[in-house]
Amino acid sequence: MTSYKDLGLVNTKEMFAKAVKGGYAIPAFNFNTMEQMQAIVQAAVETKSPVIMQVSKGARNYANGTILRYMAQGAVEYAKELGCAKPQIVLHLDHGDSFELCKDCIDNGFSSVMIDGSALPYEENIALTKKVVDYAHQHDVTVEAELGVLAGVEDEVASEVSHYTKPEEVIDFAKRSGCDSLAISIGTSHGAYKFKPEQCTRDPKTGKLVPPPLAFDVLHAIEEKLPGFPIVLHGSSSVPQDEVDTINKFGGKLPDAVGIPEEQLREASKSAVCKINIDSDSRLAMTAAIRKYMAENPGHFDPRQYLKPARENMKKMYIHKIVNVLGSNDKL
Ligand SMILES: [Zn+2]
């Protein structure tokens, strides 16, 4: 058993309480490479922001769970080295799909886990979540649950259609499951292709897709039922069109990739939404920088040469999200 406390990590309890009160959201960035980890830590330290570093099942399969845990421990030490006296870093399991996986993470240094029972029938979702909560709380680990289904593809999580969270269910669910935060479905979606063209309109000037707006009425109805309870938004990348354009210019092919407009996420951050998940934007920032570098420097083959601008580009994106979208800067 390795407690996250021995690694210098924190759970989400205090940072969520502050975020809900302060009208901002904590960034939850997925990571599975050293360059992503470095960029996340540099961005969080420079902006004085708390940060959630999250690991999906796919990331564990790619990088190995043990390595990722040591990287999170390294992130805390690296933040201190960069001058942050008291880093607020959470290591979170994204989309845990079983009690066993959540337990394994809790036993191995994670400070927060998500148990995603959203595809299960309502009562089974409560029962599974409660089982994880009972174990997690013995170890002071916080638990995120999910109610409602998001469309899109995220690693091994995929769904064809979304079902908005039903506000009439949230009080009963939160009370009986004991979860510390709740991921809801209000129209965000996993992946870089969040919406089919037929769901969108098209900007006549640029020809780009304009996605349907988030269901703020559902969010506000949930907030009314659970005042002050931490709400989480998954699938909240904005799919920056300049990165998509760079990728397409240098040999990529991402037609009609579109995300959640940042002004809508900014608005959501001011509400009970206190954790916003961003994964695809980091992938796009990394790929755009690498494609550009490769195209402009065909003779180079040292990975450090193209990973360096990739890391810089991700860091720029993380800082932008923290300062201009989530508002979590200067909160340490
Ligand atoms: Zn998700």
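In what follows, the structure referred to is the one given above.
As a starting point, this report considers the structure included with it. (Residues numbered from 1 in each chain as written. Predicted model: local features only at pLDDT ≥ 70, side-chain atom pairs only at ≥ 80, totals over all residues. Heavy atoms only, no water.)

A separate point is the sheet that holds strand 1 (residues 26–30). Read around the closed barrel, the eight strands follow the order 1-2-3-4-5-8-12-13; overall the barrel is parallel. In this sheet, adjacent strand axes meet at a mean angle of 25° when their direction is disregarded. Where strand 1 meets strand 13 (residues 273–278), four bridges bridge the pair, whose relative direction is parallel. By the bridge assignment for strand 13, Ile26 is matched with Lys275. (Pairing = 2+ DSSP bridges. Helix = DSSP H or I, 4+ residues; strand = E, 2+ residues; numbered from the N terminus. Axes fitted to C-alpha atoms, helices over the stretch in contact; angles between N-to-C directions.)

Helix 12 (residues 303–326) packs onto helix 2 (residues 34–47) with a crossing angle of 40° between their chain directions and a minimal axis gap of 8 Å. The orientation of helix 2 with respect to helix 12, classified from their angle, is oblique. You can see that helix 2 and helix 12 cross each other, and the crossing is right-handed. Along the contact surface, helix 2 presents Glu35, Gln36, Gln38, Ala39, Ile40, Gln42, Ala43, Ala44, Glu46 and Thr47, while helix 12 presents Leu307, Arg311, Met314, Lys315, Tyr318, Ile319, Ile322 and Val323. (Parallel < 35°, antiparallel > 145°, perpendicular 65-115°, else oblique. Left-handed = near helix turned anticlockwise from the far one by under 90°. Contact = heavy atoms within 4.5 Å.)

Here the focus is unusual backbone geometry. Positive phi outside glycine occurs at Lys48, with the angle close to 55°. Structurally, the position occupied by Lys48 is in the loop between helix 2 and strand 2 (51–56). Take Lys48: its relative accessible area is 46%, and that puts it in the partly exposed class. Unusually for a residue other than glycine, Asp140 sits at a positive phi of about 60°. (Buried < 20%, exposed > 50% of the residue type's maximum accessible area, 1.4 Å probe, protein only.)

Relative to the elements of secondary structure, Asp217 occurs in helix 8 (residues 216–225). The sequence separation of Asp217 and Ala43 amounts to 174 residues, and the corresponding C-alpha distance is 33 Å.

Below, the discussion takes up the packing of helix 11 (residues 280–296) against helix 12. Across the interface, helix 11 lies against helix 12 with an axial gap of 8 Å and an inter-helix angle of 145°. As for the relative orientation of helix 11 and helix 12, their crossing is right-handed in sense. Counted together, Asp281, Ser282, Ala285, Met286, Ala289, Ile290, Tyr293 and Met294 of helix 11 and Gln305, Tyr306, Leu307, Pro309, Ala310, Asn313, Met314, Met317, Tyr318 and Lys321 of helix 12 form the full contact between these two elements. Of the residues in the contact of helix 11 with helix 12, the class split is 13 nonpolar, three polar and two charged. (Nonpolar A, V, L, I, M, F, W, Y, C, P; charged D, E, K, R; others polar.)

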